[in-house]
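Below are the chains, spelled out letter by letter.
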Amino acid sequence: MTAIAETAGHSLSIADAVRVQEALDNSISDATKTAYASDWRSFTGWCSTSGYRAMPATAETVIAYLTFMASAVRPDGKHAYAQSTIVRRASSINAQHVAAGMAPPGADGRVTRALKAIRRSRTQPQRRVAPLLTNDLRLLLEGTRDRTWPDGVGAVRDAALLLAGFAGAFRRSELAALKISDVLPDLADGVYLRVRRSKTDQEGQGQIKGLPYGVHPLTCAPCAIYRWLDILDAADGPDGRPGLMRALRRAGQPTAHICRDGRHQRRPDDESPLFRSLAGGGVIKPKGMTGHAVSEVIKRRAAAAGLEPTQYAGHSLRAGFVTQAFKSGADSRSVRRQTGHTGDAILAVYDRENAPLEGNAVRNIGL
């Protein structure tokens, strides 16, 4: 007898049920699944403590949970839960119900009204990291000029990471996900970097970001990436550490361009990470960096440049690109070509908060 699985009023074979479940599982990213699972544990734990049923949950139960989070404060008097966390947990609760074949409590308009009330009650502005503008980036890159062994290995990597992140308006997760096969040299333009999947592109349509040749060797993104690829080749080569040390000496001070010599070609079959983790003594690990590690590099380089590291994080490169572009007179469409934003709403936030005088009539009122 063929084994079957029961689903909402009818039966499926085990094979069909497995395919259905795989399709549902693949509809959201692994990061979203992890967040949903954590949020669901928090909600069910609160329901257990409060004596409420978590599945199926009523709209009143969900509103009680959301308002509980909104009213919770830390010992220092600040909100215990960010507004974005509260909104995400409401979405997670809905997702768990949909996955179980039940009506999501968020379909009740009262949950939406409760979230709107929570937003209105929050007068504290959302904390945003400071953008790294072009001059800030130059300060950070000055700290990568020293290419002596072994710290020079990290200097070459960090210079490539900073320039790719800034010129390409990358999210930290996108930088961490880059593979060597995603580096597409182009003698006419510079270098292209392929983004396979991003936060707003969960279906993996992808995007190609162009990094043009820079005027100065220190701030030329193609040069920085090619220097790092040369270091990786030496690290993976047969000569081991001696070969890596020779490659580091060849990298030298970034005082001359290497981006147009035609040595670097596409490597479509190389799926090793582009930005890899480092250990002490100049050791390059085979595994790629995490998004958190990208943020730590930015904080460390900011501190070394004399900036306040707590103001900066992984998003500072992307925010810096958008802000600098607007300050330089770019329009929103040309900015979106690089960032991948589908609309202007988020860009308007950068423009309003980081470049409030650009295109502002206050410059022309004679004060």
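Structure shown above.
This one's a predicted model, so the numbers in the text were calculated from it and none came from an experiment. Throughout, a residue's number is its position along its own chain's written sequence, starting from 1. Per-residue local features are limited, in this predicted model, to residues with pLDDT of at least 70; the limit for side-chain atom pairs, both in listing and counting, is 80 or more; totals at the level of whole chains, interfaces and linings are taken over all residues. As a convention, hydrogens and water are excluded, and side-chain values are obtained from all of the structure's heavy atoms.

This part covers the pattern of salt bridges. Put simply, a salt bridge is a Lys or Arg side-chain nitrogen that is within 4 Å of an Asp or Glu carboxyl oxygen. Summed over the entire model, instances satisfying the criterion amount to 20 salt bridges. The salt bridge partner of Arg110 is Glu60, with a shortest N-O separation of 2.8 Å. Of the two residues, Arg110 is situated in helix α5 (residues 109–121) and Glu60 in helix α3 (residues 59–71); the sequence distance between them amounts to 50 residues. For Arg263, the salt bridge identified is with Asp230, shortest N-O distance 2.9 Å. Placement of Arg263 in the loop between α10 (240–251) and β6 (276–278) and of Asp230 in helix α9 (residues 221–236) is noted, with a sequence separation of 33 residues between them. To sort residues, take the accessible area from a 1.4 Å probe on protein chains only and compare it with the maximum for the residue type: under 20% means buried, over 50% means exposed, and anything in between is partly exposed. A relative accessible area of 48% means that Arg263 is categorised as partly exposed. Take Asp230: its relative accessible area is 22%, and that puts it in the partly exposed class. Each of the salt bridges in this network shares a partner with another, and the network as a whole consists of Arg157, Asp158, Arg300 and Arg301. A run of H or I in DSSP counts as a helix once it spans at least four residues, and a run of E counts as a strand once it spans at least two, with each numbered from the N terminus.

In this scheme Phe, Tyr and Trp rings, the latter by its six-membered ring, pair at centre separations within 6.5 Å, and the angle between planes marks the pair as stacked below 30 degrees, edge-to-face above 60, and tilted otherwise. Inspection of every chain in the model, using the stated rule, returns five aromatic pairs. Where Trp46 meets Tyr65, the ring centres are 5.3 Å apart and the plane angle is 50°; that geometry is what we call tilted. Within this pair, whereas Trp46 is found in helix α2 (residues 30–50), its partner Tyr65 is found in helix α3, the two being separated by 19 residues in sequence. Each of the two residues, Trp46 as well as Tyr65, counts as buried.

Another point: the environment of Arg172. Tracing the chain through its elements places Arg172 in helix α8 (residues 172–177). Sequence separation between Arg172 and Thr290 is 118 residues, and the spatial gap between their C-alpha atoms is 8.2 Å.

Let's shift gears to the nonpolar core. Only buried residues count toward a nonpolar core, which is a set of Ala, Val, Leu, Ile, Met, Phe, Trp, Tyr and Cys residues joined through side-chain atoms within 4.5 Å. Counting 52 residues, the largest nonpolar core has Leu175, Ile225, Trp228, Ile231 and Phe275 as its most contacted members. Secondary structure elements with two or more residues in this core: α6 (134–142), α7 (151–167), β4 (190–195), α9, α10 and α11 (291–304). Among the elements that line this core, the one with the most residues is α9, at ten residues. Contact definition: two residues touch when any of their heavy atoms are within 4.5 Å. Ile231 has contacts with Val153, Val156, Leu244, Ala247, Leu248 and Ile284, leaving out every residue within four places of it along the chain. Core analysis: the second largest hydrophobic core is formed by 18 residues, Trp46, Ala57, Ile86 and Ile93 among them.

Time to look at the side chain of Thr61. Mapping Thr61 onto the fold places it in helix α3. Here Thr61 falls in the buried class, since its relative accessible area comes to 10%. Leaving out residues up to four positions away in the same chain, Thr61 has contacts with Phe43, Trp46, Cys47, Tyr52 and Arg53.

Cis geometry is adopted by the peptide bond preceding Pro56, which originates at Met55 and carries an omega value of -10°. Here Pro56 shows up in the loop between α2 and α3. One non-glycine residue with positive phi stands out, namely Ala169, at about 50°. Here Ala169 shows up in the loop between α7 and α8. Here Ala169 falls in the buried class, since its relative accessible area comes to 0%.

Time to look at the sheet that holds strand β3 (residues 183–186). The strand order across the open sheet built from three strands is β3-β4-β5, with neighbouring strands paired in antiparallel fashion. A single partner strand is all that each edge strand has here, and the edge strands are β3 and β5 (207–212). Pairs of neighbouring strands in the sheet enclose a mean axial angle of 25°, with direction left out of account. The pairing of β3 with β4 spans four bridges and is classified as antiparallel. Residue pairing across strands places Val183 opposite Leu193, the latter belonging to β4. Packed onto the sheet, α9 meets β3, β4 and β5 and runs at close to 75° relative to β4. In this description, strands pair whenever DSSP reports at least two bridges between them. Geometry is summarised by axes, namely lines fitted to C-alpha atoms with helices restricted to the contacting stretch, and by angles between N-to-C directions that run from 0 to 180 degrees.

Turning next to the environment of Ile63. Along the polypeptide, Ile63 turns up in helix α3. Separated by 48 residues in sequence, Ile63 and Val111 have C-alpha atoms that sit 6.0 Å apart. Those residues in contact with Ile63, other than ones at most four positions away along the chain, are Arg110, Val111 and Ala114.

Right, let's talk about α7 for a bit. Here the expected length of a helix is defined as 1.5 Å per residue gap, with one fewer gap than residues. With 17 residues, α7 should reach 24 Å at 1.5 Å per residue; the first-to-last C-alpha distance of 24 Å fits that figure. By the criterion of burial, α7 is predominantly enclosed, with 15 of the 17 residues buried. Backbone geometry just after α7 places Ala169 at a positive phi near 50°.

We now examine α9. Three or four residues apart is the spacing at which side chains of an α-helix point the same way, because the helix has 3.6 residues per turn. Taking 1.5 Å of rise per residue, the 16 residues of α9 would be expected to cover 22 Å, and the 23 Å separating its terminal C-alpha atoms lies within 8% of that figure. A large share of α9 lies buried, amounting to twelve of its 16 residues. Turning to α9, its buried residues number three or more, namely Ala221, Pro222, Cys223, Ala224, Ile225, Tyr226, Arg227, Trp228, Leu229, Ile231, Leu232 and Ala234.

Bringing the packing of α9 against α10 into the picture now. In contact at an axis separation of 8 Å, α9 and α10 are set at 165° when each is read in the N-to-C sense. Looking at the two axes, α9 sits roughly antiparallel to α10. The handedness of the crossing between α9 and α10 comes out as right-handed. Across from Arg227, Asp230, Ile231, Ala234 and Ala235 in α9, the residues of α10 making contact are Gly240, Gly243, Leu244, Ala247, Leu248 and Ala251. Any residue outside Ala, Val, Leu, Ile, Met, Phe, Trp, Tyr, Cys, Pro, Asp, Glu, Lys and Arg is labelled polar, Gly included; the first ten of those are nonpolar and the last four are charged. Taken together, the residues that form the contact of α9 with α10 break down as seven nonpolar, two polar and two charged. Should an angle fall under 35 degrees it is called roughly parallel, over 145 degrees roughly antiparallel, and 65 to 115 degrees roughly perpendicular, with every other angle called oblique. For any pair of crossing helices, the crossing counts as left-handed if the nearer helix is rotated counterclockwise from the farther one by less than a right angle, and right-handed if it is rotated clockwise.

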